[in-house]
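Examination of the molecular architecture
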Amino acid sequence: MQSLGRHVLAEIYGCRFEALNDIKKVEDIMVNAALEAGAEIREVVFHKFSPQGVSGVVVISESHLAIHTWPELGYAALDVFTCGDRVNPWDACNYVAEMFGAGDMKASEVKRGLMEQPEERLVANM
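For the structure given in this document, a descriptive report is provided here.

Criteria and thresholds
Residues numbered from 1 in each chain as written. Predicted model: local features only at pLDDT ≥ 70, side-chain atom pairs only at ≥ 80, totals over all residues. Heavy atoms only, no water. Helix = DSSP H or I, 4+ residues; strand = E, 2+ residues; numbered from the N terminus. Buried < 20%, exposed > 50% of the residue type's maximum accessible area, 1.4 Å probe, protein only. Contact = heavy atoms within 4.5 Å. Core = buried A, V, L, I, M, F, W, Y, C linked by side-chain atoms within 4.5 Å. Phe/Tyr/Trp six-rings, centres within 6.5 Å; stacked < 30°, edge-to-face > 60°. Lys NZ or Arg CZ within 6 Å of the ring centre and 35° of its normal.

**Let's talk about the environment of Pro71**
- Structurally, the position occupied by Pro71 is in the loop between strand S4 (63-70) and strand S5 (75-83).
- Assessed through its relative accessible area of 3%, Pro71 is described here as buried.
- With 21 residues separating them along the chain, Pro71 and Ser50 place their C-alpha atoms 11 Å apart.
- Excluding residues within four positions of it along the chain, Pro71 makes contact with Phe17, Leu20, Asn21, Gln52 and Gly53.

**Comments concerning the nonpolar core**
- Core analysis: the biggest nonpolar cluster contains 30 residues, and Met30, Leu65, Ile67, Leu78, Val96 and Phe100 have the highest contact counts within it.
- If we ignore the near neighbours within four places in the chain, the residues touching Met30 are Phe46, Val58, Leu65, Ala66, Ile67, Leu78 and Val96.

**As for the packing of aromatic side chains**
- Per the stated rule, a full pass over the model turns up two aromatic pairs.
- Residues Trp70 and Tyr75 carry aromatic rings whose centres are separated by 5.3 Å and whose planes lie at 45° to one another, so their mutual orientation is tilted.
- Trp70 gets classed as partly exposed once you look at its relative accessible area, which sits at 32%.
- The aromatic ring of Phe81 is capped on one face by Arg112, whose charged end is 5.1 Å from the ring centroid.

What follows is the structure in structure tokens.
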């Protein structure tokens, strides 16, 4: 079965407080992660929370990268969704984890938009 895209959900642990709480640094890391993966950036939006934490999204032609940080826990929730074959979401996830100085990353990939090929539909309906 063919899919429309790949969606990686990553839990990133053991990150540096300063990196996770600095909106400019988080934005720079996310933008560079998209570029590292070979994506084409369209829009960038980030927000700094009080007293700490950053959320943001990098919209790419191939879909998006999104993050929410909990600096006080050294934790970031990251998702990278890419359509097509050109951009590898794992490249972006690994880059983000490395740049935050993560101690650990747990991640899983979900195939999005699973599409049956016409001949698969014919066989399944018989």
